[in-house]
Amino acid sequence: MLLFLLQLVAVIHSCRPFEKRWHKEEIMGNDEGHQRSGGKGFTRRQFLTSAGAGALGVAVSGHLGKEDEASAAVLKSGETHKIELLVNGKKYHLLVEPRWSLLYVLREELGFTATKEGCGSGECGACTVLIDNIPRYACMTLAVEAEGVGITTLEGLMNGEELGPVQQAFVEHDAFQCGYCTPGQIMGAEGLLRKKSDPTSEQIRQGMSGNLCRCGAYHHIVGAVKRAAELKRGGAA
Amino acid sequence: MKESDKDIYYLRGIPVPETPPQGKDPAPWKKTETVGGRLPRVDAYERVSGTAIYPSDVRLPRMLHAAILRCPHPHAKVTKVNTTAVEGMPGVRAVISGSTADSDFEWPYSKEIKAKIFDPLCRFEGEEVAAVAAETIHQAWDAVRSIPAAYEILPFICDETKSLDATSHQIHRGGNMVKTDRYSRGDVERGLAEADVVLEETYHTACELHTPLELHGCVASWDGDRLTIWESTQGVYAIQTRVAEILGLPLSKVRVIGHYMGGGFGSKLQPGKYTIIAAVLAKKTGRPVRLFLTREETFLAVGNRPPATMRLRAGVKKNGMLTALDFSCIATGGAYPAGGTNLVDWLVKDLYLCPHVRSETRDVYINAGPARPFRAPGHPQGAWALEQMMDALARKIGMDPLDMRIKNVPSFSQGREGSLPYTTTGLRECLIEGAKAFGWDAAEKRSPAPEYKSGGRGHIRRGTGMAAGLWFAGGGNPPSTAVVKLFSDGSVNLNMGASDIGTGTKSVMSMIVSEELGVKPGMIQIEHADTGTTQYATPSGGSKTVPSDGPAVRAASVSVKQQLLAYAAADLKTVEAELTLRGDEVVSTINPQMKIKIRDVQGLKKRGVIVGVGYRGHNPAGKVVNPFAAQFCEVEVNMKTGQVKILRFLGCHDSGRVMNRLTYDNQVFGGIVMGIGLAATEERIFDRQQTGRVMNRNWHDYKIPTMLDVPEEMTSLPLDRPDDDANTIGAKGLGEPVTIPTAAAVANAVFDACGVRITETPITPLRLSVALEKGERAVAQ
């Protein structure tokens, strides 16, 4: 068990630089276009490279169940830890397996099914949630990593039955088709706008490039994010 | 419906009933109030708030989770599967395989070729070997990964051009040829002899994967002998039919629900083996079972756009008139019959005036996942060849490629027997109007088709390109039935079987009801995509949902209106012919003082509801209803890196009447984005030498366009010409034509920029820089 926890700490630790990178100003503020390479900016590739640490965590813990039963580090399938998550401002006390992703716990344990699973491995962004206001892939975050931070899901942007400004803008601009990537897109946009209240088109394109839309509604999404910025700044409804 | 029409891919394998004739069709709309406007989707709230319950969101009490063990080899005999070994693992409730009882079902790939659900001979990587249902999805996967299984590995084929080699093993008894289709009109050799210029080129389009955002899968639940399935699908009735057939159940015992679905693009027109597996596991355990594939599985086992190798020889006169098109193609739908060459040659046969045309297409087997229809099957591949050839011919005779296309616009369908006329063809206008709005002339002057020269004008070069297309179907067909129910307060319920796959079907149908009954779209409740409660509809595919189901919805609304006016006439002591519906009132056209609120109409009050039933009438006899398209783009090529940046795109489309401008534009942009994927990023790659396995089975390695890969400047320019001859709403299909010309337009623009023609998709920086280097060497010599 101790060994496992150490591994877990290592996994969490390895995620940290990635988290810091998110906090840097330039992540949304790169004006050099997509042909830029190197530099201090934040690209989708870097994001994925660093996000990979979470996947390792899942793989390690998933594998442990099949190791020699006598080993002290072995966890059995179904063995759980007590954690406390703060989702949309509410506390939830949960028993989770260490290998469960935040996405799994949000959807399966808590019923926040707005957060979608498109790949489960950090490719598409359908599961994007805000962690302390920063967009994160919930599939690449272990639930046990998510203790002590503020998690916001799509449901958390609602005011009762009323849509939030980003959601409203997505409706007005028809910024989706099938709607499956949409919760992730909206959370990505929300995170972007919390960081930068008036992003340029290029900043929107950079900031939203980690969210895939197979229907190809990107053009309308850019328009919607601009409109959302307006609405958030108290612009005409 | 003609027998030949029933063979179209989105109806294949399912019975196609007739709907009764509507009787008198309503006259075409002269002007519209709601239809044609910009209406935010009527289900937008559900989709942006998260209250939409997609099939993958369905959670039932006592529900189990299932996972599938798949063959890791492209061709292998399953020699051992020990299901009992994992039955005792934590949480495991059922394990099934080819040798367990109650799981022996046949999966029909075609009338002749069937496989078992768990077939002992796996012909592609990812074939189903066993499945587990467990309390959690993690436990299901723990068990799947622990199942002792052994395989006898057989030789594999992953290159369609080598499938017919004498040394290749046979994937099916009877050889690797699925079928050869031949077509001929006129005399191609004569046509080529008459030409001033003849060009010949080989083109290749890579295999493209659908990868919709929602994973393929379902939830299956039994109540005694009644099965309910929540499936992520484009057509609930198609699923119901297939599942009932395979499990041997009456249709009334199979209910399929698919209210929302997260994208399909053709890959969800039919159930998967997973649907049957979920049903079998649910039966075995007596509990609901949820079975959704992983992303990786969807790269292997739920369809693709068949890769095609195409040879095209074409002749043209100096005046720009085509004289001959000689097309041959080898393509593959994978390891089972799956339409590998389906419609690949259609544009060659039909898009441009040409007296002498020959086509031979060969569909062959390889050891790869079976294809499924993919957004305009065959057409983007055919356009990749034909539209690049048109560009090359035009340049060779010194003519603007736009002008050459305009010269060859046909008014009738040459590819069909009897040379039937189109109800409307906007091809010429798409070309002319699109070019005007794009600024084609100015752009052409700016980049005067440079033959490749070493050095020259800097390493960033601009070019413009265009391509055109038409879509084989898109006119819609019967059957379709819709029911509209007017409540006593004037609000409405609409009942239809069609799925809204993200194209905005529900919104368009609401606009139609609103147009006829004046009720606000927001006051319409929609019940759809449920075989238990809604009307029959064919699956949403073929760009035919609006033109198929729209007229039925209009007819149902008109029927409600007629009944309402009859009731009101009784109240007002007049005749219904003198009455009209205005807002929430029935008003006399002769005496405007004579009126009654809908909610006060006695007949409606008494009954509670008025029910109108509408059917889809027949298409006009002896005519063809097709949508047309022209797209234009400007690119920037980095001569040093081979990178292509697409700067802007314009799509000019003739899809008849524009029903909802907002969702219309969204479709156009989405089709272009998907076409950019075909042009620039997407390609299934095999480990050809060693294992024959798919090397890129996730979105990291198989790239679909992100927001950074598509141009910021995109324009949708609809022709918006109602096709009153086609159907009672005047609309033609849109979802597929919008992706047909895109990739070819990009390739033509790349040529325009750098003088190098890339004939194989995708145009990656590597491929382009190699070609540029070759070109440079050629010039240097």
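Residues numbered from 1 in each chain as written. Chains lettered and ligands numbered in written order. Predicted model: local features only at pLDDT ≥ 70, side-chain atom pairs only at ≥ 80, totals over all residues.

The helix and strand inventory of chain B stands at 18 helices and 28 strands. Computed over the C-alpha atoms, the radius of gyration of chain B is 27 Å, within 12% of the 28 Å expected from 2.2 N^0.38 for a compact globule of 781 residues. Long-range pairs, those at least 24 residues apart, make up 81% of the contacts in chain B with a sequence separation of at least 6. (Helix = DSSP H or I, 4+ residues; strand = E, 2+ residues; numbered from the N terminus. Rg over C-alpha atoms; globule rule 2.2 N^0.38 Å. Contact = placed C-beta atoms within 7 Å.)

To continue, consider the overall build of chain A. The secondary structure content of chain A amounts to seven helices and five strands. In chain A, the succession of α and β elements from N to C terminus is α-α-β-β-α-β-β-β-α-α-α-α. Buried residues in chain A amount to 51% of all 237 residues. (Buried ≥ 20, exposed ≤ 12 C-beta atoms within 10 Å, placed from the backbone.)

With that settled, consider the sheet that holds strand β10 (residues 197-205) of chain B. Two orientations exist for strands paired in a sheet by backbone hydrogen bonds: parallel and antiparallel. Residue and element names in this part refer to chain B. The strand order across the open sheet formed by five strands is β9-β17-β16-β15-β10, and the pairing between neighbours is mixed. One side of each edge strand has no neighbouring strand; the edge strands of this open sheet are β9 (177-185) and β10. Neighbouring strand axes in the sheet, compared pairwise and without regard to direction, differ in orientation by 5° on average. (Pairing = 2+ DSSP bridges. Axes fitted to C-alpha atoms, helices over the stretch in contact; angles between N-to-C directions.)

The subject of this paragraph is the pairing of strand β1 (residues 64-70) of chain B. All names here are of chain B. In terms of burial, β1 is largely enclosed, as seven of its seven residues are buried. Side chains of β1 alternate between two faces, with L64, A66, I68 and R70 and H65, A67 and L69 buried alike. As judged from the two bridges shared by β1 and strand β14 (residues 289-292), these two strands associate in the parallel manner. Opposite L64, over in β14, you have V289 as the bridge partner.

Attention shifts here to the confidence of the model for chain B. Overall, the prediction assigns chain B a mean pLDDT of 95, with 96% of residues at 70 or greater. Confidence estimates for the predicted assembly give a pTM of 0.92 and an ipTM of 0.96. (pLDDT = per-residue confidence, 0-100.)

This brings us to the packing of helix α5 (residues 182-195) of chain A against helix α7 (residues 218-232) of chain A. Residues and elements named next belong to chain A. The N-to-C vectors of α5 and α7 enclose an angle of 45°; their axes lie 10 Å apart at closest approach. Between α5 and α7, the crossing angle belongs to the class labelled oblique. α5 and α7 meet at a crossing whose hand is right-handed. Taking contact as the criterion, the partners of Q185, A189, L192 and L193 in α5 are, on α7, I221, V225, A228, A229 and K232. (Parallel < 35°, antiparallel > 145°, perpendicular 65-115°, else oblique. Left-handed = near helix turned anticlockwise from the far one by under 90°.)

Residue-level contacts link 50 residues of chain A with 47 residues of chain B. Only α2 (44-64), α4 (165-172), α5, α6 (201-207) and α7 of chain A provide two or more residues apiece to the side of chain A that touches chain B. Take the side of chain A that touches chain B: its biggest share by element is four residues, from α4 of chain A.

Below, the discussion takes up the domain arrangement of chain B. Along its sequence, chain B is carved into domain 1 (3-31 + 476-615), domain 2 (55-154 + 211-301) and domain 3 (308-474 + 623-780). Classifying every residue of the side of domain 2 of chain B that touches domain 3 of chain B gives nine nonpolar, six polar and four charged. (Domains from an automatic or database assignment. Nonpolar A, V, L, I, M, F, W, Y, C, P; charged D, E, K, R; others polar.)

Moving on, we come to unusual backbone geometry. Cis geometry is found at the peptide bond from P478 of chain B to P479 of chain B, where omega equals 5°. Mapped onto the secondary structure, P479 of chain B falls in the loop between β18 (460-470) and β19 (481-487). Omega for the bond connecting T761 of chain B with P762 of chain B falls within 30 degrees of zero, at -10°, which places this linkage in the cis form. On the secondary structure map, P762 of chain B appears in the loop between α17 (742-754) and α18 (765-780). Phi is positive for N133 of chain A, which is not a glycine, with a value near 75°. Checked against the element boundaries, N133 of chain A lands in the loop between β3 (128-131) and β4 (134-137). You will see that T211 of chain B, though not glycine, has its phi angle at about 40°, which is positive. You can see T211 of chain B is positioned in the loop between β10 and β11 (217-223).

Moving on to the nonpolar core. Residues and elements named next belong to chain B. Counting 292 residues, the largest nonpolar core has A66, V132, V746 and V750 as its most contacted members. Here this core gets 13 residues from one element, more than from any other, and that element is helix α14 (residues 545-572). Sequence-distant contacts of A66, that is, excluding residues within four places in its chain, are made with A131, V132, A133, A140, I277, A278, L281, V289, R290 and L291. (Core = buried A, V, L, I, M, F, W, Y, C linked by C-beta atoms within 7 Å.)

Take the packing of helix α13 (residues 505-517) of chain B against α14 of chain B next. Residues and elements named next belong to chain B. At a minimum axis separation of 9 Å, α13 and α14 run at an interaxial angle of 30°. In terms of their interaxial angle, α13 and α14 are classed as roughly parallel. α14 is crossed by α13, and the crossing has right-handed handedness. Facing T505, V508, M509, I512, V513, E516 and L517 of α13, the residues of α14 in contact are T545, V546, D549, G550, V553, R554, S557, V558, V560 and K561.

The subject of this paragraph is the sheet that holds strand β23 (residues 585-588) of chain B. Residue and element names in this part refer to chain B. Ordered in space as β22-β23-β24, the three strands form an open sheet in which the pairing is antiparallel. In this open sheet, the two edge strands, each paired with only one partner strand, are β22 (579-582) and β24 (595-597). The sheet shows a mean angle of 20° between the axes of neighbouring strands, taken without regard to direction. The pairing of β22 with β23 spans four bridges and is antiparallel. Bridge pairing in β23 places R582 opposite E585.

Okay, α13 of chain B next. One turn of the α-helix equals 3.6 residues, which is why residues spaced by three or four share an orientation. Residue and element names in this part refer to chain B. Between its terminal C-alpha atoms α13 stretches 18 Å, which fits the 18 Å expected from 13 residues at 1.5 Å a residue. Burial analysis of α13 places 13 of its 13 residues in the buried class, which makes it a mostly covered element. Taken from the residues just after α13, G518 is the one with a positive phi, measuring 75°. (Expected span 1.5 Å × (residues − 1).)

It is worth spelling out the environment of R255 of chain B at this point. All names here are of chain B. Relative to the elements of secondary structure, R255 occurs in strand β13 (residues 254-257). Accessibility expressed as a C-beta count within 10 Å gives 19 for R255, which makes it partly exposed. Through-space distance from the C-alpha of R255 to that of Y237 is 8.9 Å; in sequence the pair is 18 residues apart. Setting aside residues no more than four positions away along its own chain, R255 makes contact with T228, T531 and G532.

Put simply, chain A has an average pLDDT of 79, and 68% of its residues get 70 or more. Predicted confidence for residues 1-70 of chain A stays below pLDDT 50, and this span has 86 contacts to residues more than four positions away or in other chains.

Before going further, it helps to examine the environment of D701 of chain B. Residues and elements named next belong to chain B. You can see D701 is positioned in the loop between α16 (661-681) and β28 (713-718). For the pair D701 and S411, spaced 290 residues apart in the sequence, the C-alpha separation amounts to 44 Å. In this structure D701 touches M695 and N696, once residues within four positions along its chain are discounted.

Moving on: α14 of chain B. Taking 1.5 Å as the rise per residue, α14 of chain B with 28 residues should run 40 Å; its terminal C-alpha atoms sit 39 Å apart, in good agreement. K573 of chain B sits one or two residues past α14 of chain B and shows a positive phi near 55°.

For the rest of this paragraph, the subject is the environment of G490 of chain B. Residues and elements named next belong to chain B. Structurally, the position occupied by G490 is in the loop between β19 and β20 (492-496). Taking C-alpha positions, G490 is 9.9 Å from K520, a pair spaced 30 residues apart along the chain. Leaving out residues up to four positions away in the same chain, G490 has contacts with V519, D584, I598 and R599.

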